[in-house]
Structure formats: C-alpha cells, structure tokens
Amino acid sequence: MDIVLEVLSAPFTWGLLIGLGLVIFVWRSAGKDKKFLKTELERVKEENSELQGHLNTQLKINAKGNELLQNQLDDLKEQNETLRVNLSAIQQKPGKVEQRRLEVMETAVSVMREQAPGFAPAWEKAMREAEDEYVAAEGGLKKLMRKVVPGFRSTPDTGTKQIEGGDTGVVSDKS
C-alpha cells in the first residue's frame, strides 16, 4: 500500500490523472458533438432536397408561364402583321385615295368659309391644315368618332343659321 500512496503523491501521477480526465471529457464531448452534427446534417440534407423539389416545381411553373406568354406574343405579332397588311390593302383599294382627298377638301372648304379674306394663301393654308388633321385623324379618337357619328368633323360648324322664310344664310360672328 505504501507504493500506491507514493505513486499517488507523485506530481507526475496527478498530471497524468488530470490529463486522462481531460481527454475522457473531451472525447465524450466530441462524441456528443459528432452525434449532434450527424443529426443536423441529416436535417439539412432533407431540407435541401425539399427546397430543391420546391425550386423544380417553381421553375416548371415559370417555364409554362413563359411559354404561354411567348405563344400569346407570337399570336399577337401575327395578328398585328395581318391587320397591318389588311389595312394597307384597304387603303390601296380604288376610290380610297379619292375619298380621302374629298374629305380633306371638304374640311379645307369649311376652314376657308371662316377665313375668307385673302383666298389663295388661306386656301393653301387650309389645305395643309386639313391634310395634317386627316393624317392625325387616321387613328385614335377622331377616327372612332368619325365612324360612330358620320357627320362629325373636327372643325366647328360654319355658322349657317335658319332665316325667316326657310332660307339658310351665313351668319358672321365678326362685327
């Protein structure tokens, strides 16, 4: 028993026992950490596979949506081209140019009734204005109004008024 007490009282033995205790403590702690990390790794792998499944689903949905939008865009482009060709063909029909010119002249005459002094320069100015107005009216609200209300013109009324006896006359707003 003396030998055991002598060995236990030696500083080397105490250092060895403390070192072994620390090694055992670290080894058990590392085992617990390894087990925790293993379960955490499995959880992360499951979550990763679930997220990949969601991502694949989302990508499939986006691909279908993009394909549908592309098909609609192609259809609209085709319709636009067809309408452009039809409009061009309609504008090239015989009589359309003459009808357009007649409408321009009618508008110019209406403007001339308002601006009578200096007929020649005013006539040219009125023709240019009527031409510009007709070009502007080829699309948009004025065209729609012209189709809906056939008597609609963008120029105001020329000032005709019924006079006693049933005749019509031009009334001037200028004094």
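In this report, the structure presented in the accompanying data block is examined. From a predicted model like this one, the values you see are computed outputs, not experimental measurements.

1. Quick look at the pattern of salt bridges
Tallying each qualifying case throughout the model produces three salt bridges. Among the salt bridges present, the one from Glu47 reaches Arg43, with a minimum N-O distance of 2.9 Å. Taken together, the residues span about one helical turn, with Glu47 and Arg43 both in helix α2 (residues 11-91) at a distance of four residues. The salt bridge involving Glu81 is made with Arg84; its shortest N-O contact spans 2.4 Å. Of this pair, Glu81 and Arg84 both sit in helix α2, separated by three residues, roughly a single helical turn.

2. Some details on the packing of helix α1 (residues 2-9) against α2
The interhelical angle for the contact between α1 and α2, taken along N-to-C directions, is 70°, at an axis separation of 5 Å. Accordingly, the angle class assigned to the pair α1 and α2 is roughly perpendicular. Of the residues in α2, those touching α1 at Val7, Leu8 and Ser9 are Pro11, Thr13, Trp14 and Leu17. In terms of residue class, the contact of α1 with α2 is made up of five nonpolar, two polar and no charged.

3. What about the side chain of Thr13?
As for its placement among the helices and strands, Thr13 is situated in helix α2. On the accessibility criterion, Thr13 (13% relative accessible area) is buried. With residues up to four places along the chain from it excluded, the contact list for Thr13 reads Val7 and Leu8.

4. Brief notes about the nonpolar core
Among the nonpolar cores identified, the biggest contains nine residues, and these are Val104, Ala108, Val111, Met112, Ala122, Ala126, Met127, Ala130 and Tyr134. Breaking this core down by element, the ones donating at least two residues are α3 (96-114) and α4 (119-137).

5. Considering a nonpolar patch on the surface
On the surface, Val4, Leu8, Trp14 and Leu17 cluster together into a nonpolar patch covering about 390 Å² of accessible area. When contributions to the nonpolar patch are tallied by element, the ones reaching two or more residues are α1 and α2.

Rules used in this analysis
Residues numbered from 1 in each chain as written. Predicted model: local features only at pLDDT ≥ 70, side-chain atom pairs only at ≥ 80, totals over all residues. Heavy atoms only, no water. Salt bridge = Lys/Arg side-chain N within 4 Å of Asp/Glu carboxyl O. Helix = DSSP H or I, 4+ residues; strand = E, 2+ residues; numbered from the N terminus. Axes fitted to C-alpha atoms, helices over the stretch in contact; angles between N-to-C directions. Parallel < 35°, antiparallel > 145°, perpendicular 65-115°, else oblique. Contact = heavy atoms within 4.5 Å. Nonpolar A, V, L, I, M, F, W, Y, C, P; charged D, E, K, R; others polar. Buried < 20%, exposed > 50% of the residue type's maximum accessible area, 1.4 Å probe, protein only. Core = buried A, V, L, I, M, F, W, Y, C linked by side-chain atoms within 4.5 Å. Patch = residues over 30% accessible without salt bridge, like charges linked within 9 Å, V, L, I, M, F, W, Y side chains within 5 Å. Areas by Shrake-Rupley, 256 points an atom, 1.4 Å probe, with all protein chains shown as cover.

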